[in-house]
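Structural overview for review
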Amino acid sequence: MSRTLWTDEAGVLRTVDQTVLPFERRELALRTLDDCDRAIREMQVRGAPLIGAVGAYGLALALRADPSDASLAHACERLAGARPTAVNLRWALGRVRGRVAAAPPARRASLAWDEAGRICDEDVACNARIGEHGAGLLRALAGRRPGPRGIARAAAAAGGALNLLTHCNAGRIATVDHGTALAPIYRLHAEGVPVHVWVDETRPRNQGAALTAWELAERGVAHTVIADNAGGLLMMQGRVDAVIVGCDRVAANGDVANKVGTYLKALAARDNGVPFYVACPVSTIDPETPDGASIPIEERAAREVTHMAGMLDDGSRASVRIVPEGSAVANPAFDITPARLVTALVTERGVCDASAAGLRAVLAASPA
Ligand code: MRU
């Protein structure tokens, strides 16, 4: 089973617990609203499209237990509050709610379950299209003629490989399959184009070091994990041909919210003439949020900063303190990259400018 989220014959929702990767592959069975809510809050499942899909099933499971209007409203509110930044969660809940609200209570659970299944299938198809569109952009970079900066030096430094930098995990396990930012990379790799990925470790939760590195290794894609602050130097040295990241919400003006640290990569990319691409399905575009300043930024527990989780040399797992007791800690989980720093958005409907006009055009384009 290559999907990150699937259902079995008994109607149980199954996924992989991302809090124990890459050290252990532990399957999770999600049977209730509580299970789904907990999995999203504790980041056993994470990544904007995946939490949307789990939220959709969470609503179906809530309706299985109690199909009343009150239960529907309560489950929507509870799940929507689980993680505030990624709009995909709210989008998926709205879609399932819209599908069932007018139906008789007795039919709601099965309608919701089917709608959640459609959301998953569409996610897989969308990401495959993002892979095609993104691969087109990146292939064009690989074909560029040598120059003083960018592709020539990066390619030469890597024996001809296209060098991409990514932040956080916008891969297969952040979605139902394929990923968003990683989808074009998987596609190029499958076509035999030599690709090498610089993987930002992505403190504080290390989604890059733990998850992106794990899934790139699983697919045999060449990669190098770097400390979050190394990307600027690598770009300055001409060792990055493009940055490609996923995203949690695109505001109506093209500003983009993604994992904290993304903005600094976009600044470094602009300063060094490196293209900065953002890959996402159109469900991540939120026309109701006017700009980046209006996107709610999730503040997570201080412990994610004060401690680091990992594996000791004897194979046991541990969480160790790295900050003095008593130091104040802040943990904003996302940041905003202004539209002006985004070279292009890559969606399932095509590539567009990160601008109000670009977003309007892509939203008006026919679905893939
Ligand atoms: O806090 P996370 O791990 O859910 O953050 C994930 C990201 O920031 C991803 O880049 C984003 O959700 C896109 S996933 C295809």
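The notes below deal with the structure included here.

Conventions adopted
Residues numbered from 1 in each chain as written. Predicted model: local features only at pLDDT ≥ 70, side-chain atom pairs only at ≥ 80, totals over all residues. Heavy atoms only, no water. Helix = DSSP H or I, 4+ residues; strand = E, 2+ residues; numbered from the N terminus. Rg over C-alpha atoms; globule rule 2.2 N^0.38 Å. Buried < 20%, exposed > 50% of the residue type's maximum accessible area, 1.4 Å probe, protein only. Contact = heavy atoms within 4.5 Å. Areas by Shrake-Rupley, 256 points an atom, 1.4 Å probe, with all protein chains shown as cover. Lys, Arg positive; Asp, Glu negative; His and termini not counted. Charge placed at Lys NZ, Arg CZ, Asp CG, Glu CD. Polar contact = N/O pair within 3.5 Å; in protein donor to acceptor, adjacent residues only side chain to side chain. Pairing = 2+ DSSP bridges. Axes fitted to C-alpha atoms, helices over the stretch in contact; angles between N-to-C directions. Near = heavy atom within 4 Å. Nonpolar A, V, L, I, M, F, W, Y, C, P; charged D, E, K, R; others polar. Expected span 1.5 Å × (residues − 1). Phe/Tyr/Trp six-rings, centres within 6.5 Å; stacked < 30°, edge-to-face > 60°.

The helix and strand inventory of the protein stands at twelve helices and 16 strands. Its C-alpha radius of gyration of 20 Å places the protein within 12% of the 21 Å reference for a compact globule of 368 residues. Based on the C-alpha atoms only, the size of the protein along its principal axes is roughly 65 × 55 × 40 Å. A total of 368 residues make up the protein; the buried ones form 55% of that total. Sequence-distant contacts in the protein: of pairs separated by 6 or more residues, those separated by 24 or more amount to 73%. Accessible surface computed for the protein: about 14,800 Å², of which carbon and sulfur atoms make up 53%. Looking at charge distribution, the protein has the averaged site of its 41 positive side-chain charges lying 3 Å from that of its 41 negative ones.

Turning our attention to the side chain of His167. Its location among the elements puts His167 in the loop between β4 (162-166) and α7 (182-191). Polar side-chain contacts of His167 include one of 2.7 Å to the side chain of Asp200. If we ignore the near neighbours within four places in the chain, the residues touching His167 are Asp200, Thr202, Asp228, Ile244, Val245, Asn258, Lys259, Val260, Gly261, Thr262 and Lys265.

Now for the sheet that holds strand β3 (residues 27-30). The three strands are arranged β1-β2-β3 in an open sheet whose pairing can be described as antiparallel. Each end of this open sheet is capped by a strand with a single partner; those strands are β1 (5-7) and β3. Going across the sheet, the axis of each strand differs from the next one's by a mean of 30°, ignoring polarity. Relative to β3, strand β2 (residues 13-16) runs antiparallel, the two being bridged by four bridges.

Next up on the list: the site of the ligand. As a structural note, the neighbourhood of the ligand is formed by 18 residues, with Arg46, Arg83, Gln207, Asn258 and Lys259 the closest of them. In the model, an oxygen atom of the ligand is placed 2.9 Å from a nitrogen or oxygen of the Ala48 main chain. Contact with the protein chains removes 99% of the 410 Å² of surface that the ligand exposes when unbound. For the shell around the ligand, the secondary structure elements donating two or more residues are α2 (48-65) and β9 (256-259). Looking at the shell around the ligand, its residues break down into eight nonpolar, six polar and four charged.

For helix α8 (residues 207-219), spanning 13 residues, the distance from its first C-alpha to its last is 17 Å, which sits close to the expected 18 Å at 1.5 Å a residue. Within α8, burial applies to Gln207, Gly208, Ala210, Leu211, Thr212, Ala213, Trp214, Glu215 and Leu216. Downstream of α8 by a residue or two, Gly220 has a phi angle that is positive, lying close to 75°.

This part covers the packing of aromatic side chains. This model, assessed by the stated rule, comprises one aromatic pair. Ring geometry for Tyr57 and Trp113: centres 4.7 Å apart, planes at 70°, overall edge-to-face. Here the residue Tyr57 occupies a position in helix α2, and Trp113 occupies one in helix α5 (residues 105-142), the gap between them amounting to 56 residues. Assessed through its relative accessible area of 6%, Tyr57 is described here as buried. Assessed through its relative accessible area of 15%, Trp113 is described here as buried.

Pairing is mixed in the open sheet, where four strands are placed in the order β11-β8-β9-β14. Every other strand in the sheet has two partners, leaving β11 (285-286) and β14 (334-337) as the edge strands with one partner each. By the bridge criterion, two bridges tie strand β8 (residues 249-251) to β9 in an arrangement that is antiparallel. Of the residues in β9, the one forming a bridge with Arg249 is Ala257.

For the rest of this paragraph, the subject is the environment of Trp6. With respect to the helices, strands and loops of the structure, Trp6 is situated in strand β1. The class for Trp6 is buried, based on a relative accessible area of 12%.

Attention shifts here to unusual backbone geometry. For the bond running from Leu21 to Pro22, omega is 5°, close enough to zero to count as cis. Residues Arg203 and Pro204 are joined by a peptide bond in cis, for which omega reads 10°. Position of Pro204 among the secondary structure elements: in the loop between β5 (195-200) and α8. One non-glycine residue, Asn206, lies in positive phi territory at about 60°. On the secondary structure map, Asn206 appears in the loop between β5 and α8.

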